[in-house]
Amino acid sequence: MKRIYFIFTLFILTSLSLFAKDVKLLTIGNSFAASVFRDLPEVVKDFPDCSLTLKSANHGGCSFERHWRYITEEEADQNVCHYGKSSKKAKGSKLKEILASKKWDFITIQQASPKSWDINTFYPYAENIYNYVRKYSPSAEVIIQQTWSYRCDDPRISKGGKWGFDQTEMFNRLEKNYAQLAKKLNLRVLPTGKAVQNYRAVEKNPFKPYSKEYLATFTKPNVPSDKGDIVGQYGWRKDKKTKEVKLTADNIHFNKRGRYMQACLWFGFFFEKDPLEIKYVPKGISAEEAKLLREVASKTLKEFKQPRDSK
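Residues numbered from 1 in each chain as written. Predicted model: local features only at pLDDT ≥ 70, side-chain atom pairs only at ≥ 80, totals over all residues. Heavy atoms only, no water.

*Asks:* So what exactly am I meant to see when it comes to unusual backbone geometry here?
*Replies:* What you tend to see is this: most non-glycine residues have negative phi, and most peptide bonds are trans. Here the amide bond leading from Tyr 123 into Pro 124 is cis, since omega sits at 5°, within 30 degrees of zero. In this fold, Pro 124 is placed in the loop between strand S3 (106-109) and helix H6 (125-136). A positive phi angle, near 65°, is found at Lys 243, a position not held by glycine. Here Lys 243 is to be found in the loop between strand S6 (231-238) and strand S7 (245-254). (Helix = DSSP H or I, 4+ residues; strand = E, 2+ residues; numbered from the N terminus.)

Now the structure itself:
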């Protein structure tokens, strides 16, 4: 009897170890990758068979070109370290040291969002970064995170805006650019931008820009609602020049619902599980909202066709 129990226990433990997933993930990007760091670890905690090592090599607003410049500066001077800094005074690390520090399973790269729609800003920098990553972390799979289009009231894409095209066209252009890069380097794409578009397609009350008159009625600390989109939020910030505290709009980054959707999408992609299985919900998001965001992440992963595999 004891022998049977021992064999049964061994079988269970072996089965669990076979299905357990330990993911070591490094991001080389900007704030559009940093936004996943808040909720993704919390999502993973709810799955006993999953564990996550998540590290950042991000710089705010950093493009492919700037990342490559940082790398070349590090290579040219042994005292230059642009990555892994905990503060401005900290010495930090060279990117190649971070790449070699662990046996990373996945390493994400992405373009800075203001340049994502312009294919001319991708090359040769993205290829250079990819080759550098492969040199110092040869076993890792490099993944391209597809960034997203801005909220419709961003002055660059709103009516009469600086760029001369709207939200949909911004996505169409960046989608095409990331697909081209994926095919060229034979890489998979993490379709975050597509998930944003999928959310916008099912949102019952899409975000509409507020009038200046309406915004003028708010006093600190009150802010307008960010409902209707998972990109964009309002906040009170001090003007660097006038030092006056003003109500300002962030039209490009995820709000709390967007960050949660991104975490669900990344979890499903890297752990190969359906986001519908996720139980964790951050504070401030209703059960109904969370369900919709998980559904969007799940649908996107199931329907997205990898550009590198298309003919």
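*Asks:* Mind showing me how you'd approach helix H10 (residues 256-271) here?
*Replies:* Each turn of an α-helix holds 3.6 residues, which means side chains three or four residues apart point in the same direction. Here H10 spans 22 Å end to end across 16 residues, near enough to the 22 Å set by a 1.5 Å rise per residue. Judged by how many residues are buried, H10 sits mostly within the fold: 15 of 16 residues are covered. Looking one or two residues past H10, Glu 272 carries a phi angle of roughly 55°, positive in sign. (Expected span 1.5 Å × (residues − 1). Buried < 20%, exposed > 50% of the residue type's maximum accessible area, 1.4 Å probe, protein only.)

*Asks:* Please clarify how the side chain of Ser 149 should be interpreted in this entry.
*Replies:* Mapped onto the elements, Ser 149 comes out in the loop between strand S4 (141-145) and helix H7 (167-185). By relative accessible area, which is 0% here, Ser 149 ends up buried. Within polar-contact distance, the side chain of Ser 149 engages the backbone oxygen of Gln 167 at 3.5 Å. Not counting chain neighbours up to four residues away, the residues in contact with Ser 149 comprise Gln 167, Met 170, Phe 171, Leu 174, Gln 197, Arg 200 and Val 231. (Polar contact = N/O pair within 3.5 Å; in protein donor to acceptor, adjacent residues only side chain to side chain. Contact = heavy atoms within 4.5 Å.)

*Asks:* Sorry if this is basic, but what is going on with the pattern of salt bridges here?
*Replies:* All chains considered together, the criterion is met by 19 salt bridges. One salt bridge connects Asp 49 with Lys 273, and the closest N-O pair in it is separated by 3.0 Å. Taken together, the residues Asp 49 in the loop between helix H3 (40-45) and strand S2 (50-56) and Lys 273 in the loop between H10 and helix H11 (287-303) connect sequence positions 224 residues apart. For Asp 49, a relative accessible area of 24% corresponds to the partly exposed category. Lys 291 serves as the salt-bridge partner of Glu 295, at 2.5 Å between the closest nitrogen and oxygen. (Salt bridge = Lys/Arg side-chain N within 4 Å of Asp/Glu carboxyl O.)

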